[in-house]
Structure formats: structure tokens, C-alpha cells
Amino acid sequence: MISPQSIPFFPEGVELNNQSLALVDTQLGAAHPLNQVSCALLEQVNGERTIRQITQQLSFQYGWDEEEVEGDFLQLIAQLNGFYLVNIRTPFQIGEAVKQGMVSFLYFTRTLQGVRWEVKKRFTPHKKNSVSLLIFLLKVMAQTYSPMIASLGLAGMLIALILPYTSFLAGLTLPLFFLLFFTVHEWAHIIVFEKLTKHKLPYFLATRRGAFQFVRPRIDMKGELLVSFAGPLIPSVSGVALSIVLYFTSMPIWLFLILVFIAANGLVHLISYLPFAEDGKRMKEAVQMNKLTQSQEVKS
Amino acid sequence: MKKLIFAFITGMILTLVITVILSLGYGVYGDANRLPSQHFHFFGKTILQYNLLEPKGHMLNFGYGLLIISVLAGTVNAGLYYLFNRPGAPKIKPRTIK
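Remember, predicted model here, so these are calculated numbers, not experimental data.

A. Highlighting the overall build of chain A. Within chain A, the regular secondary structure consists of 10 helices and 8 strands. Projected onto its principal axes, the C-alpha positions of chain A cover 80 × 60 × 35 Å. In chain A, which comprises 300 residues, the proportion classed as buried is 43%. A separation threshold of at least 6 residues defines the contact pool for chain A, and within that pool the share at least 24 residues apart is 66%. Working note: accessible area of chain A is about 16,400 Å², and carbon and sulfur atoms make up 65% of it.

Written out as C-alpha cells, the structure reads:
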């Protein structure tokens, strides 16, 4: 949640153009028009001043009503943050942290819904090779999915207590492989996209409450299919291969249960290929778009 | 309306899962400490029946009370969602400048 104590700053790839009154996203090649007041407020964003400090300064300078301007500026920052054009940093305060915790809980229970409860963060990884990118992603995913990982860890421990022959190690494989497979999933999307576009097309990564996004421009149908297909491939193949091994091989029960948990974590990624899931939807859209383009070409 | 139903279903499922997990945990705890058999009710409907078996082990029976609690929790969640988003609800605004 964005508060007057939040410090806004522009992420890499976003520039304010005073002359054309627009926020320019150089990575996605898009310009977002602004009015003069918004532009004047955003000019003061330097990654050090809080929303309140900026409104106080400008209200004093131009004789605006502080309370009204602060509300409008908060709304503007929330909107721009929703489009990944502004990042937010909120200095730690106990009261604010408690409030954030309550909002997180109510958002998890869906008592609160909608984008205004989210704070998005955009960043561009500058990693020399795929291994360092994987390690970087592992860190980001651990932060983003920490509540989910903690819940799975607790569930794993409880399963280990209740089910016979289940060890704590088996319980731990649940959160560990959840994290590992999800990281590999996103990593594969990025690597294939970079290879296909020969590192020429820019992209960025983004996080929001409990979700990670790889935001990139659209490419041709074959490329879209490959990028979308690559993500869930490694976890799914690992899950299927492990399931086959488990079916045909006999092993101690404790080891069997550990491998069952790992396989289950991998098999979950097969859902991503279904048309309603993110990757499946992208693949479907790419094929539909291609058909539409072809039919238009035939007509013309 | 769609969001209201979503809030109801989420509240219901979360409560159901948490209650089942807690009940299973109680079963393990009761078994480890050899607690006597217990019967948990909610408005006359069984939530959980815990039976200590001899010489060892335990048995859990879940009842319709569990579903009633879940539906109630879902209704409360949907009600809270409506309360926060009803027409004319006070908007959560930033603190005013004194």
C-alpha cells in the first residue's frame, strides 16, 4: 500500500519527458501522456523525497491546497505504479509495518481485492551469464513467494508428523522444490527469449504481492510459442520422468515419498500449458494472432 | 457480485483447510499425550470426533459441523468485503495534514 511516507523513484528504462509531457517507457517503447500538474509533481521525484515532502514543497510554491494535492498525487503514483512506471520504497516504521501486515492478510483472504492494495516493483537484471541470472532469480522468488514457501514448509512438517513413513526431509522437499521449479520456470522463459532475440529486445522483471512477472514485448508466433513453451518444460519433464521412475522402480518407502513430493512439484507446472493458465493463454493468443494476420493478408 | 462470491469461496476454503489441518494436528498431539476421547460440537453438529484407540493409535471422524463453520466463515468474509466496498463506504484516505 502506498502511503504519504513512501518514496517514489523511476525504475531503469522509464524517463520523464518535460517537453512532450509524457512518461516514456524505453524498454517497452511506450509513452504515457501526463498533464502539466502531474508533470510538475513528477519532476520532483528523485528517489530521496517522500510523497508528502514533494506535495508540501509544491503546494507552498504554487499556493495549492496541500491535502487535495497529496490525495491526487497518491492516486497518480498508485496508477503509475500499476503500469510499472514508478517504483516505491517505504522506510520502515512499526505502525506502517503492522498496517501492511494487516492488508497482506486481508488480501490473502480476498477480503480486500483490487490493484490499489498492491505495490509493484520493476527491475532489470544485468547478469553476465545464465548461472548468475538463475541465482539472482532464486533470491527474488524466495522474497516474492516467502508466505507461500513458509505455508508449504509448515504443511510439509505437518504431513511428516501425520503420515507414516514420511520424514521431515520429505516435508522440506515441498517448499524447496516449489521454489526451485518456479525459479527454473521463469529462468527458462528469460533465457529462451534472450537467445531468440539475440539480447536485442529489452525486457524487465516485476514483482507484486505474491506474484512474479516477466514483462517483454511480443515477438513473432514461433518465438512466442517457444518462449511460452520453454518455461514449464524443465519442471514438467522432471515431474513426468520421476513419476515413470517411481512407477517402475522399487525403493525404500522414505525415499519413495521424498521423490513423490518432488515429482508432484514438477507435475504442477503442466497446468501452465492449459489455455486458461498464463503460458497456455500466451500460446493460444500467438496462434490466433497469426491466423488473423494471415487472413488479413489474404483479403488484402 | 463476482468478487463477493470469490471472497465467500476463499474464506470458506481457507477455513476448511485450516480447520482440517488443526484437527489433524490435534489428533497427533492427543495421540502422543494419550488424551482421552473427545467430541467437538457446533450447534449440535459434530465438527470432530477424536477417539483414542487401545493399545495405541487414534481415529478422527469429521462431521457436518466442519462445513457449517466453513460456510459461516465464507459468509463473514464476503460480508466484510461488502462492508469495505459497499456504495458510499468511506474511502481509506491518507492521513490529513495538520
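B. Spatial organisation of the interface of chain B and chain A. Of the residues lining the interface, 20 residues belong to chain B; the matching set on chain A comes to 24 residues. Summing the contributions of chain B and of chain A, the shared interface buries around 1,800 Å²; its carbon and sulfur component is 65%. If you look at where chain B meets chain A, you find 0 salt bridges. Between chain B and chain A we count 2 residue pairs in polar contact (both at pLDDT 80 or more) in total. Of all the secondary structure elements, the ones that give two or more residues to the side of chain B that touches chain A are α1 (2-32) and α2 (64-85) of chain B. No other element matches the 10 residues that α1 of chain B contributes to the side of chain B that touches chain A.

C. Molecular detail of the domain arrangement of chain A. Residue and element names in this part refer to chain A. Domain assignment breaks chain A into domain 1 (7-117) and domain 2 (124-299). With centres defined by C-alpha atoms, the gap from domain 1 to domain 2 works out at 32 Å. Contacts between domain 1 and domain 2 engage 11 residues on the former and 11 residues on the latter. Roughly 950 Å² is buried in total at the junction of domain 1 and domain 2, and carbon and sulfur atoms are behind 52% of that figure. It is Gln27, Leu28 and Tyr84 in domain 1 that bury the most area against domain 2; as a group they hold 60% of the surface buried on that side.

D. Here's a closer look at the packing of aromatic side chains. For the coordinates displayed, the defined rule picks out 15 aromatic pairs over all chains. Pairing Phe178 of chain A with Phe182 of chain A gives two aromatic rings, centres 4.7 Å apart and planes at 45°, and the pair type is tilted. A residue pair is termed a helical-turn pair when its members lie 3 or 4 positions apart in one helix, as Phe178 of chain A and Phe182 of chain A do in helix α7 (residues 168-197) at 4 residues. With a centroid separation of 5.0 Å and 80° between ring planes, the pair formed by Phe42 of chain B and Phe43 of chain B is classed as edge-to-face. Exposure remark for Phe43 of chain B: the relative accessible area of 79% places this residue in the exposed category. What links up through ring pairs into an aromatic cluster is the set Tyr145, Phe178 and Phe182 of chain A. For Arg122 of chain A, the ring lying beneath its charged end belongs to Phe204 of chain A, and the centroid distance is 3.7 Å.

E. Geometry of the pairing of strand β2 (residues 14-17) of chain A. Residue and element names in this part refer to chain A. As paired elements, β2 and strand β3 (residues 22-25) share 4 bridges and run antiparallel to each other. By the bridge assignment for β3, Asn17 is matched with Ala22. Between β2 and β3, which follow one another and run antiparallel, lie 4 residues, and Leu21 among them has a positive phi close to 50°.

F. Quick look at the sheet that holds strand β3 (residues 58-62) of chain B. Residue and element names in this part refer to chain B. The strand order across the open sheet built from 3 strands is β1-β2-β3, with neighbouring strands paired in antiparallel fashion. The strands lining the two open edges of the sheet, one partner per strand, are β1 (38-42) and β3. Each adjacent strand pair in this sheet contributes to an overall mean axis angle of 5°, direction not counted. The sheet contact formed by β1 and strand β2 (residues 45-52) spans 5 bridges and is antiparallel. Bridging from a neighbouring strand, Phe40 pairs with Leu48 of β2. Each of β1, β2 and β3 touches α1; the most contacted strand, β3, lies at about 155° to it. Of the strands in this sheet, β1, β2 and β3 touch α2, which is tilted by about 135° from β2.

G. A look at the side chain of Thr111 of chain A. Secondary-structure assignment places Thr111 of chain A in the loop between α4 (94-108) and β6 (121-123). One polar contact links Thr111 of chain A to Thr109 of chain A, side chain to side chain, over a distance of 2.8 Å. At 2.3 Å, the side chain of Thr111 of chain A forms a polar contact with the side chain of Asn77 of chain B. The contacts of Thr111 of chain A, once residues within four sequence positions are left out, are Leu106 of chain A together with Asn77, Leu80, Tyr81, Phe84 and Asn85 of chain B.

H. Molecular detail of the nonpolar core. Residue and element names in this part refer to chain A. Of all hydrophobic cores here, the largest spans 20 residues; its most connected members are Leu137, Ile190, Leu205, Phe212 and Phe214. For this core, the secondary-structure elements that each account for two or more residues are α5 (130-144), α6 (146-162), α7 and β8 (211-215). The greatest single-element share of this core, amounting to 6 residues, is contributed by α7. If we skip the residues at most four places from it in the chain, Leu205 touches Lys121, Arg122, Phe123, Pro125, Phe136, Leu137, Ile190, Phe212, Gln213 and Phe214. Ranked by size, the runner-up nonpolar core spans 19 residues in total, among them Leu23, Leu42, Leu58 and Phe73.

I. How the structure looks around α6 of chain A. Residue and element names in this part refer to chain A. Between its first and last C-alpha atoms α6 spans 24 Å; for 17 residues at 1.5 Å apiece the expected length is 24 Å, and the two agree. Listed as buried for α6 are Ile149, Leu152, Gly153, Gly156 and Ala160. Buried positions in α6, seen along its axis, are confined to an arc of 105° and lie on one side of it. Exposed positions of α6 whose direction lies more than 90 degrees from the buried face are Pro147, Leu154 and Leu161.

J. Representation of the confidence of the model for chain B in the model. Summing up the model confidence of chain B, the mean pLDDT is 85 and the portion of residues at 70 or higher is 90%. Ignoring residues within four places in sequence, the model shows residues 93-98 of chain B, a span with pLDDT below 50, making 15 contacts including any to other chains.

Criteria and thresholds
- Residues numbered from 1 in each chain as written.
- Chains lettered and ligands numbered in written order.
- Predicted model: local features only at pLDDT ≥ 70, side-chain atom pairs only at ≥ 80, totals over all residues.
- Heavy atoms only, no water.
- Helix = DSSP H or I, 4+ residues; strand = E, 2+ residues; numbered from the N terminus.
- Buried < 20%, exposed > 50% of the residue type's maximum accessible area, 1.4 Å probe, protein only.
- Contact = heavy atoms within 4.5 Å.
- Areas by Shrake-Rupley, 256 points an atom, 1.4 Å probe, with all protein chains shown as cover.
- Buried area = accessible area lost by both parts, 1.4 Å probe.
- Salt bridge = Lys/Arg side-chain N within 4 Å of Asp/Glu carboxyl O.
- Polar contact = N/O pair within 3.5 Å; in protein donor to acceptor, adjacent residues only side chain to side chain.
- Domains from an automatic or database assignment.
- Phe/Tyr/Trp six-rings, centres within 6.5 Å; stacked < 30°, edge-to-face > 60°.
- Lys NZ or Arg CZ within 6 Å of the ring centre and 35° of its normal.
- Pairing = 2+ DSSP bridges.
- Axes fitted to C-alpha atoms, helices over the stretch in contact; angles between N-to-C directions.
- Core = buried A, V, L, I, M, F, W, Y, C linked by side-chain atoms within 4.5 Å.
- Expected span 1.5 Å × (residues − 1).
- Arc of directions from axis to C-beta.
- pLDDT = per-residue confidence, 0-100.

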